[in-house]
Amino acid sequence: VTVSLVNGTFAESENVITRDRMLDVSVVGPEDEVQHPPRSDWRDEGNTTLLDLKTGKTGTCTIGVSTAARIIELSADDFNEYLKHDGIVDTLKSRTDANELKLDVAERYSKHVKAIVQVGDQRSSGFDARLGYPVEFVPLQNPYELSVGDSLKVKFLKDGQPVAHQMVYASHESFHGHDKDGNHIEAFSGRTDQDGVVNVKLDTAGRWYVRTIYMDKIDETDADYESNWATLTFEIR
């Protein structure tokens, strides 16, 4: 099978992911066995990076990629707009409360993505694999045992520990839009509870993603903020 690594949405990727940025690539199988595909298994087509993967036993699997951090310098206006666009509301509020909206910033960012895939009809373990990324979503139910109208419980972890009150968004491939100000509109938004768990209502069939950006203000010579992006992709039938 071919797995698409997309920087963007289901419909469009903004750029390929170069191999040197891939700190980890893991495939966890139905019996929790782990593989790390070599770089030679990756290829690029246009702006999308593709992994050619041979499936093994029937069951549920997790595929994950964690990228190295990069630093980007942003003007105050561009950073504020990015916070609004991607729904990083807590950082935006902190900047507003501290009268820092006119400060330019340097941001250190990295991305940590996971996909849950089903091979054949038999459900199995493998769906809730923890890959040890700086941030990651861990589903508490196998999404391939759920149907339209169910809710998926997902736990959000930072350095292996649950994060309470984290803003989480979810959407599906047939739902994507922006409001009048250009900010993302998602099919679902909510915050994690005290155990780091959020219930995502699955109101339609198709491919879904759950996403969040965990951002800290830091005091370092090369960066003012550090962000870790997490996504979890799966399908509901």
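As a starting point, this report considers the structure included with it. (Residues numbered from 1 in each chain as written. Predicted model: local features only at pLDDT ≥ 70, side-chain atom pairs only at ≥ 80, totals over all residues. Heavy atoms only, no water.)

1. Some remarks on the nonpolar core
Formed by 23 residues in total, the largest nonpolar core has its most connected members in F137, V200, L202, V210 and F234. For this core, the secondary structure elements donating two or more residues are β9 (135-139), β10 (151-158), β12 (167-172), β16 (197-201), β17 (206-217) and β18 (225-236). For this core, the element with the highest residue contribution is β18, accounting for four residues. Excluding its chain neighbours within four sequence positions, the residues that come into contact with V200 are D150, S151, L152, A170, F188, W208 and V210. (Core = buried A, V, L, I, M, F, W, Y, C linked by side-chain atoms within 4.5 Å. Buried < 20%, exposed > 50% of the residue type's maximum accessible area, 1.4 Å probe, protein only. Helix = DSSP H or I, 4+ residues; strand = E, 2+ residues; numbered from the N terminus. Contact = heavy atoms within 4.5 Å.)

2. With respect to the pattern of salt bridges
Close approach of charged atoms allows side chains of opposite charge to pair. For the coordinates displayed, the defined rule picks out 14 salt bridges. Among the ionic pairs, R191 bridges to D90, the shortest N-O distance being 3.0 Å. Placement of R191 in strand β15 (residues 188-191) and of D90 in helix α2 (residues 89-97) is noted, with a sequence separation of 101 residues between them. Take D90: its relative accessible area is 37%, and that puts it in the partly exposed class. R108 serves as the salt-bridge partner of D222, at 3.1 Å between the closest nitrogen and oxygen. Here D222 is found in the loop between β17 and β18, whereas its partner R108 is found in strand β8 (residues 105-119), with 114 residues between them in sequence. (Salt bridge = Lys/Arg side-chain N within 4 Å of Asp/Glu carboxyl O.)

3. Thoughts on a negative patch on the surface
On the surface, E73, D77, D78, E81 and D104 cluster together to form a negatively charged patch. Ranked by residue count, the leading element in the negative patch is helix α1 (residues 76-85), at three residues. Inspection of the secondary structure assignment puts D77 in helix α1. (Patch = residues over 30% accessible without salt bridge, like charges linked within 9 Å, V, L, I, M, F, W, Y side chains within 5 Å. Areas by Shrake-Rupley, 256 points an atom, 1.4 Å probe, with all protein chains shown as cover. Lys, Arg positive; Asp, Glu negative; His and termini not counted. Charge placed at Lys NZ, Arg CZ, Asp CG, Glu CD.)

4. Topic: the packing of aromatic side chains
Using the criterion set out here, one finds five aromatic pairs in the structure. Here F79 and Y82 contribute two aromatic rings whose centre-to-centre distance is 5.8 Å and whose plane-to-plane angle is 65°, an arrangement assigned as edge-to-face. One end of the pair, F79, and the other, Y82, are both in helix α1, three residues apart, so they sit about a helical turn from each other. No difference in accessibility class separates F79 from Y82, as the two residues are buried. (Phe/Tyr/Trp six-rings, centres within 6.5 Å; stacked < 30°, edge-to-face > 60°.)

5. Considering unusual backbone geometry
The backbone phi angle of D32 is positive, close to 65°, even though this residue is not glycine. Considering the arrangement of structural elements, one finds D32 in the loop between β2 (22-28) and β3 (34-35). Here D32 falls in the partly exposed class, since its relative accessible area comes to 43%. Here D159, not a glycine, exhibits a phi torsion of approximately 55°, which is positive. Structurally, D159 can be placed in the loop between β10 and β11 (161-162).

6. As for the packing of α1 against α2
The relative placement of two packed helices is expressed as an angle between their axes plus a distance between the axes. With their axes 8 Å apart at the nearest point, α1 and α2 run at an angle of 140° to one another. When the axes of α1 and α2 are compared, the pair comes out oblique. Crossing angle aside, the handedness with which α1 passes α2 is left-handed. Here A76, F79, N80, L83 and K84 of α1 come into contact with α2, specifically with T91, L92 and R95. Broken down by class, the residue content of the contact of α1 with α2 amounts to four nonpolar, two polar and two charged. (Axes fitted to C-alpha atoms, helices over the stretch in contact; angles between N-to-C directions. Parallel < 35°, antiparallel > 145°, perpendicular 65-115°, else oblique. Left-handed = near helix turned anticlockwise from the far one by under 90°. Nonpolar A, V, L, I, M, F, W, Y, C, P; charged D, E, K, R; others polar.)

7. Digging into the sheet that holds strand β1 (residues 2-5)
Across the sheet, which stays open at both edges, the three strands sit in the order β1-β5-β4 with antiparallel pairing between neighbours. On the outer flanks of this sheet lie β1 and β4 (42-45), each paired with one strand and no other. With direction set aside, neighbouring strand axes in the sheet form an average angle of 30°. Pairing analysis gives four bridges linking β4 to strand β5 (residues 48-52), with the strands arranged antiparallel. In the sheet register, E45 faces β5, and the bridge partner there is T48. (Pairing = 2+ DSSP bridges.)

Nothing here speaks to function; it is all geometry.
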